[in-house]
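# Survey of secondary and tertiary structure
If you want the building blocks of each chain, they are given just below.
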Amino acid sequence: MSKHVFLTGPPGVGKTTLIQKVTQALKSSGTSIDGFYTEEVREGGRRTGFDVVTLSGKRGPLSRVSSDSSTSRREYRVGQYIVDVVSFEQLVLPMLRNVNHGSDAEKKICVIDEVGKMELFSQAFIQAVRQTLAGSGTVVLGTIPIPKGKPLDLVEEIRNRKDVKVFNINKENRNSIFQDILAAVESCRK
């Protein structure tokens, strides 16, 4: 019996779009839902980074293209991007802690888009995700990257959990899989 739902698939295939559609559908039916997704930041037609956007409307930088290669302070990098762990944690951790302390009779839904390389630089985030997955009052609707290169511990942990249903999103199914994802989330809430 699944308690959580995660989407996986190649970058740009539409995981976040599907998460947003499912979120809208759940919100309009009055479901208690919180969380965050990541959004591309573009300038002059090219991607310059990613923002974290919470479902309550707060926004802050997750990463930006690095302008120069010489840097003095300890920093986290993924490819050309420098990850702003402090900004990420300030936005996401209070929301995750809050979702874990709900005492509603009805299960809350927590959107985590995504559990990826950039986000995993935060040890506090890793702990908070593990706590949320272990808690009984929250259904996680999240995204994880497809395996590529060195496995990411938490990603593989999520992928292999018995209580997680993973949907593989691709160009062929992304327009027809919405109902299945929504139904899976609904059944996790029961």
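Just above sits the structure.
Below: a short report on this structure. (Residues numbered from 1 in each chain as written. Predicted model: local features only at pLDDT ≥ 70, side-chain atom pairs only at ≥ 80, totals over all residues. Heavy atoms only, no water.)

A word on the packing of helix α2 (residues 85–100) against helix α3 (residues 123–134). Running from amino to carboxyl end, α2 crosses α3 at an angle of 20°, the nearest separation of the two axes being 10 Å. As far as their axial angle goes, α3 and α2 are roughly parallel. In terms of crossing hand, the pair formed by α2 and α3 is left-handed. In this structure, α2 contributes Phe88, Glu89, Val92, Leu93, Leu96, Val99 and Asn100 to the contact, and α3 contributes Gln123, Ala124, Phe125, Ala128, Val129, Gln131 and Thr132. (Axes fitted to C-alpha atoms, helices over the stretch in contact; angles between N-to-C directions. Helix = DSSP H or I, 4+ residues; strand = E, 2+ residues; numbered from the N terminus. Parallel < 35°, antiparallel > 145°, perpendicular 65-115°, else oblique. Left-handed = near helix turned anticlockwise from the far one by under 90°. Contact = heavy atoms within 4.5 Å.)

Attention now goes to the packing of α3 against helix α4 (residues 153–160). Between α3 and α4, the least distance of the axes is 11 Å, while the angle of their chain directions is 10°. Between α3 and α4, the crossing angle belongs to the class labelled roughly parallel. Only Leu154, Glu157 and Ile158 of α4 make contact with α3, whose side of the interface consists of Ile126, Val129, Arg130 and Leu133. Of the residues assigned to the contact of α3 with α4, the class counts are 5 nonpolar, no polar and 2 charged. (Nonpolar A, V, L, I, M, F, W, Y, C, P; charged D, E, K, R; others polar.)

All right, on to the sheet that holds strand β8 (residues 138–145) then. Strand order across the open sheet formed by 9 strands is β5-β6-β4-β3-β2-β7-β8-β1-β9, with mixed pairing between neighbours. A single partner strand is all that each edge strand has here, and the edge strands are β5 (76–78) and β9 (164–168). Pairs of neighbouring strands in the sheet enclose a mean axial angle of 25°, with direction left out of account. Strand direction decides the pairing type here: strand β1 (residues 4–9) and β8, joined by 5 bridges, are parallel. When the sheet's bridge partners are listed, Gly9 is paired in β8 with Pro145. Its contacts with the sheet put helix α1 (residues 15–28) on β1, β2 (33–43), β7 (108–113) and β8, and the angle it makes with β2 is roughly 140°. (Pairing = 2+ DSSP bridges.)

Next up on the list: the state of the cysteines. What makes a disulfide is a covalent bond joining the sulfur atoms belonging to two cysteines. The final tally for this structure, using the stated rule, is 0 disulfides. For the unlinked cysteine Cys110, the closest cysteine sulfur is that of Cys188, found at 13 Å. On the basis of relative accessible area, Cys188 is assigned to the buried category, the value being 2%. (Disulfide = S-S within 2.5 Å. Buried < 20%, exposed > 50% of the residue type's maximum accessible area, 1.4 Å probe, protein only.)

So, about the pattern of salt bridges. Counted according to the given criterion, the structure contains 11 salt bridges. Between Asp163 and Lys3 there is a salt bridge; the shortest N-O distance is 3.9 Å. Of the two residues, Asp163 sits in the loop between α4 and β9 while Lys3 sits in the segment before β1, which places them 160 residues apart along the sequence. Judged by its relative accessible area of 24%, Lys3 is partly exposed. The partner of Glu39 in a salt bridge is Arg59, and the shortest N-O contact between them spans 2.5 Å. Highlighted residues: Glu39 in strand β2 and Arg59 in strand β4 (residues 59–65), separated in sequence by 20 residues. Linked by salt bridges that have partners in common, Glu39, Asp51, Arg59 and Arg64 make up one network. (Salt bridge = Lys/Arg side-chain N within 4 Å of Asp/Glu carboxyl O.)

Next up on the list: the packing of aromatic side chains. Applying the stated rule across the entire model yields 5 aromatic pairs. For the ring pair Tyr76 and Phe121, a centre distance of 4.9 Å and an interplane angle of 40° mean the geometry is tilted. Of the two residues, Tyr76 is situated in strand β5 and Phe121 in the loop between β7 and α3; the sequence distance between them amounts to 45 residues. Given a relative accessible area of 25%, Tyr76 falls into the partly exposed group. Taking 5.0 Å as the distance between ring centres and 70° as the angle between the ring planes, the aromatic pair formed by Phe88 and Phe125 counts as edge-to-face. Taken together, the residues span a long stretch of sequence, with Phe88 in helix α2 and Phe125 in helix α3 at a distance of 37 residues. The buried category is assigned to Phe125, whose relative accessible area is 0%. (Phe/Tyr/Trp six-rings, centres within 6.5 Å; stacked < 30°, edge-to-face > 60°.)

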